[in-house]
Amino acid sequence: MIPHRSLRLRLFLLILTPLVLLAFLLGFWRFTVAQKTAQELFDESLLSAGLAISRDVAISGGDALLPSTRSMIREASGGEIFYHVTGPGGSYVTGYAYPPTSAASSQQDPYSPHFFESVHREVPVRVLRMTERVTLENLVGDATVTVWQLMADRNAFANQLSLRAAILMGILLTTLAIVVWFGVARGLRPLLDLQEAIALRSPDDLSEIKRSVPIEVRGIVKTLNRLFGQVEHSINAHQVFISEAAHQLRNPAAAVQSMAEALRDAKTDEDRDKRIVELVAAAKNSATVAQQLLSLERLRQPTHQDQMDEIDFRVVVEEACAEMGVHILAKGIDFEVAMPDTPIVISGDRVFLTEAIKNLLDNAVKHGGTKLSRISVLLHCEGGNVKLTVADDGTGLSPNQSEAAFSRFSQLEYSEGSGLGLSIVSAVAERHEGVVAINQVEKGASVTLELPIAV
């Protein structure tokens, strides 16, 4: 796995990269401008030299150039200027013997200065050719002045201008890089301070972070505080659950131990048989409490999509009722189940739903009291939901007792139950985005589990 760059380096690159690209574009533009500036400047030098030579030739009759003109030719921008002058009829007047030639066609206006590039003695040169009407002694005609400079000289001048601009831009970029590097470090200092503050905390300190931070970091701090709160709530819930579970398991364990000791000390076979029945009942009760505690703990875990299947809720209810119906009928209680013939498809966890149905039936059996004689199960659809109602004619349960009935380890009156049945049903309903409610009935108890039907 490739390690991530530091935030400081990422910000540094994000800020500096576009500036470097812009610097390259400006450098290219500056080089182009330098080339154009050099050409314009040198062409003006050539034109000035050409006009001065033409003037001197006309004044001196072609014999000599003025000292000022010679000085200008030697010290012109971009290096020495070379020249060649011909008089009327193309006769040689002065200057270098063989001037550069142009392969271009003749201009429309022969008396207009003509700039072109050529090769003179295998060296690239920039040339100006200009023609004027002059009088040399007794001759009247056209005099042609050709002046040229080495291209290498003007290119060197253009490169010098570009180099100066590049050096200046490099200094500015370097200064900017240093400022950005240390500026980003200073800007990230609150994050480092926050990291140090969190690192100094003890593992048990899950209190809110109240440190002053920049507005860009407040979202992170808010998320951390929410996470700390959730973790603290989860830890507290685990501690409460462990404490309550230990308390609830202690009684069944003590009962099993007491029954085992009574069985050991039994005097007669009849007494021993009685103690064996009591021991088995206590062991079953202890196993039931342990199983319900494990179910509650599993229901506290987040729901994953792969745990939800498209299932026929009618089949789940039928299987749970068939399993529990044997025990209900064995107690001499009438058991009635009514459900539609068509499938009712919901998205859910078959194991948890089955356990919820069993707990509803088990709750009716254990808390129905001595008056319990009938338990009914009704499954029907209403709107976009399916409703499962478990009703009995026992002791009775009213809606205003909902808070106590659905709380863990809570019992409205003493019974052999653990006080976890309806709390498991409530947790299963919440896990499946449904609700469970106690119905108002004249006699007995009626509890409805309502779940959404899969679309």
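As a convention, each chain's residues are numbered from 1 in the sequence order in which they are written. Predicted model: local features are reported for residues with pLDDT of at least 70 only, side-chain atom pairs are reported and counted for 80 or more only, and whole-chain, interface and lining totals are derived from all residues. No hydrogens and no water enter the side-chain calculation; it runs on all heavy atoms of the structure.

**Concerning the overall build of the chain**
Argument step 1. Where helices and strands are cited, they refer to DSSP runs of H or I of at least four residues and of E of at least two residues respectively, numbered from the N terminus. When helices and strands are counted, the chain shows ten helices and twelve strands.
Argument step 2. Only protein chains enter the accessibility calculation, which uses a 1.4 Å probe; a residue whose area is less than 20% of its type maximum is buried, one above 50% is exposed, and one in between is partly exposed. Sorting the 455 residues of the chain into buried and exposed places 35% on the buried side.
Argument step 3. Partitioning the contacts of the chain with sequence separation of at least 6, the portion at a separation of at least 24 is 63%.
Argument step 4. Shrake-Rupley sampling with a 1.4 Å probe provides the accessible areas, and residues are treated as covered by the protein chains on show and by no other component. For the chain, the exposed area adds up to about 27500 Å²; of that, 58% sits on carbon and sulfur atoms. By definition in these notes, contact holds between two residues if any of their heavy atoms fall within 4.5 Å.

**Topic: the nonpolar core**
Among soluble globular proteins, nonpolar side chains are generally buried collectively.
Argument step 1. Grouped together as the largest cluster of nonpolar side chains are 41 residues, with contacts concentrated most on Phe 313, Leu 361 and Ile 375.
Argument step 2. Contributions of two or more residues to this core are made by helix H7 (313-330), helix H8 (350-367), strand S9 (374-382), strand S10 (385-392), helix H10 (421-431), strand S11 (435-438) and strand S12 (445-452).
Argument step 3. It is H8 that contributes the most residues to this core, eight residues altogether.
Argument step 4. Among residues more than four places away in sequence, those in contact with Phe 313 are Ile 344, Ile 346, Leu 353, Ile 357, Leu 379, Val 386, Leu 388 and Leu 451.
Argument step 5. Each nonpolar core is a collection of buried residues, namely Ala, Val, Leu, Ile, Met, Phe, Trp, Tyr and Cys, held together in the definition by side-chain atoms within 4.5 Å. Counting residues in hydrophobic clusters, the runner-up holds twelve residues, among them Leu 46, Ile 81, Tyr 83 and Met 130.

**Notes on the pattern of salt bridges**
Argument step 1. For salt bridges, the criterion is a side-chain nitrogen of Lys or Arg within 4 Å of an Asp or Glu carboxyl oxygen. According to the stated counting rule, one finds seven salt bridges in the structure shown.
Argument step 2. Between Glu 117 and Arg 126 there is a salt bridge, and its shortest N-O distance comes to 3.7 Å.
Argument step 3. Assessed through its relative accessible area of 9%, Arg 126 is described here as buried.
Argument step 4. Across the salt bridge formed by Arg 350 and Glu 319, the nearest N and O atoms sit 3.8 Å from each other. With Arg 350 in helix H8 and Glu 319 in helix H7, this pair connects stretches of sequence that are 31 residues apart.
Argument step 5. Classification of Arg 350 by relative accessible area gives partly exposed; the value is 36%.
Argument step 6. The network of salt bridges with shared partners includes Asp 43, Glu 117 and Arg 126.

**Topic: the UniProt feature "transmembrane region" (unreviewed entry) in the chain**
Argument step 1. UniProt positions are given in the numbering used here, feature names are shortened, and annotations may be inferred rather than shown by experiment. Per the UniProt record, the feature "transmembrane region" (unreviewed entry) sits at residues 161-184.
Argument step 2. Strand forms 0% of residues 161-184 and helix 100%; the C-alpha atoms that close the span are 34 Å apart.

**Points about the environment of Pro 113**
Argument step 1. Looking at the element boundaries, Pro 113 is found in the loop between strand S2 (92-95) and strand S3 (114-120).
Argument step 2. For Pro 113, a relative accessible area of 35% gives the class partly exposed.
Argument step 3. Counting along the chain gives 15 residues from Pro 113 to Leu 128, while the straight-line C-alpha distance between them is 6.7 Å.

**So, the environment of Leu 172**
Argument step 1. The topology assignment puts Leu 172 in helix H3 (residues 151-187).
Argument step 2. Residue classification places Leu 172 among the exposed residues on the basis of a relative accessible area of 54%.
Argument step 3. Residues Leu 172 and Ala 23, 149 residues apart in the sequence, show an inter-C-alpha distance of 9.8 Å.

**Notes on the sheet that holds S12**
Argument step 1. At least two bridges found by DSSP between two strands is the condition for calling them paired. Taken together, the five strands give an open sheet; going across it, the order is S7-S9-S10-S12-S11, and neighbouring strands pair in mixed fashion. Looking along the sheet, the strands with just one partner apiece sit at the ends: strand S7 (334-338) and S11. When the angles between neighbouring strand axes are averaged without regard to direction, this sheet yields 15 degrees.
Argument step 2. To define axes, lines are fitted to C-alpha atoms, for helices over the stretch in contact only, and angles between the resulting N-to-C directions are given on a 0 to 180 degree scale. Against the sheet, H8 makes contact with S7, S9, S10 and S12, and its axis sits at roughly 25 degrees relative to S10, the strand it touches most.
Argument step 3. H10 rests against S11 and S12 of the sheet, and its axis sits at about 140 degrees to S11.

**A short note on a nonpolar patch on the surface**
Argument step 1. Together, Leu 22, Leu 25, Leu 26 and Trp 29 make up a nonpolar patch on the protein surface, roughly 440 Å² of accessible area in all.
Argument step 2. Assignment of secondary structure puts Leu 22 in helix H1 (residues 7-60).
Argument step 3. Residue classification places Leu 22 among the partly exposed residues on the basis of a relative accessible area of 45%. Residues forming no salt bridge and having over 30% relative accessible area are the ones grouped into patches, like charges within 9 Å of each other and nonpolar side chains (Val, Leu, Ile, Met, Phe, Trp, Tyr) within 5 Å.

**Structural notes on the side chain of Thr 146**
Argument step 1. Structurally, the position occupied by Thr 146 is in strand S5 (residues 139-150).
Argument step 2. Setting aside anything within four residues of it in sequence, one finds Thr 146 in contact with Phe 82, Tyr 83, His 84, Pro 99, Pro 100, Val 127, Leu 128 and Arg 129.

**A look at the pairing of S9**
Argument step 1. Where S7 and S9 come together, five bridges link them in parallel fashion. Its bridge partner being in S9, Asp 334 is matched across the sheet by Arg 374.
Argument step 2. In this structure, S9 lies alongside S10, joined through eight bridges in antiparallel fashion. For His 380, the partnering residue across the bridge sits in S10 and is Lys 387.

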